[in-house]
Amino acid sequence: MSNDQEVPESQVETEAKNEELAEEAATEEQLPPEATIEELREQLAQAEQKAQENWDKAVRAQAEMENLKKRTQKDLESAHKFALEGFAKELLPVLDSLELGLQAATGDSPEVEKFRVGSELTIKQFESVFAKFNIEMIDPAGQPFNPEHHQAMTMQAVEGVEPNTVVNVFQKGYLLNGRLLRPAMVVVAKAPDKPAADTPSIDEQA
């Protein structure tokens, strides 16, 4: 190739620079316009608000999980404490029958004495098992009437006894871990009936 056909080096460099400038200009045309400070502030405020909302949601979710955990734990404890409730209720009539049979066992014969001894031992075994599982007997004779634990079958005027006092127990009550299994069936004392004020005395009638 002859020298007059060669492209001068300076021309090549100029063309390369022109191409580079053209590419930069095309790239700048594709870029979005720069955001203003006000727009950036607005975007920042929105981002902070969104972050606060997410934080509030996280705190609420944590609180709900904690409450659920406490409720579940309470339910498990309650189920454990009162799992024997139905079974204990079924045993109470059996114990009642033993006690009634013991009360009815009168006489001095050897057979009656053996029956009494056997019944007393069985009742003590019941009481021992009940104590083991926190089943507490309610035998409120001589105590003030408690409507939460006692059921009044009738009321009687009893001389020398404070009104609202339990004077007789038809049937003992029971508690399971403080919860009422069965109320005690009781007779409650009441104030003596006062004579009518307008009723004349015997001396006045004479």
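Residues numbered from 1 in each chain as written. Predicted model: local features only at pLDDT ≥ 70, side-chain atom pairs only at ≥ 80, totals over all residues. Heavy atoms only, no water.

What follows is about the pattern of salt bridges. Applying the stated criterion across every chain, the model contains five salt bridges. The partner of Glu 85 in a salt bridge is Arg 179, and the shortest N-O contact between them spans 3.0 Å. Remark: Arg 179 occurs in strand 5 (residues 179–182) and Glu 85 occurs in helix 3 (residues 85–104); sequence separation between them is 94 residues. Between Glu 99 and Lys 172 there is a salt bridge; the shortest N-O distance is 3.4 Å. On the criterion of sequence distance, the pair formed by Glu 99 in helix 3 and Lys 172 in the loop between strand 3 (166–171) and strand 4 (173–176) is long-range, its members being 73 residues apart. Judged by relative accessible area, Glu 99 falls into the buried class, the value being 12%. When salt bridges with common partners are traced through the structure, they connect Glu 85, Lys 89 and Arg 179 into a single cluster. (Salt bridge = Lys/Arg side-chain N within 4 Å of Asp/Glu carboxyl O. Helix = DSSP H or I, 4+ residues; strand = E, 2+ residues; numbered from the N terminus. Buried < 20%, exposed > 50% of the residue type's maximum accessible area, 1.4 Å probe, protein only.)

Spatially, 2-6-3 is the arrangement adopted by the three strands of the open sheet, whose pairing is mixed. Strands with a single pairing partner mark the edges of an open sheet, and in this sheet they are strand 2 (150–157) and strand 3. Pairs of neighbouring strands in the sheet enclose a mean axial angle of 25°, with direction left out of account. Two elements, strand 3 and strand 6 (residues 184–190), share four bridges in a ladder whose sense is antiparallel. Bridge pairing in strand 6 links Gln 171 to Met 185. (Pairing = 2+ DSSP bridges. Axes fitted to C-alpha atoms, helices over the stretch in contact; angles between N-to-C directions.)

Turning to the side chain of His 150, a few remarks are in order. Mapped onto the elements of the fold, His 150 is located in strand 2. His 150 sits in the buried class, given a relative accessible area of 7%.

Turning our eyes to something else, we now look at the pairing of strand 6. Across the seven residues of strand 6, six count as buried, placing the element largely inside the fold. As defined by bridge partners, strand 2 adjoins strand 6 across seven bridges and the pair is classed as parallel. From the neighbouring strand, Gln 156 faces strand 6, where its bridge partner is Ala 189.

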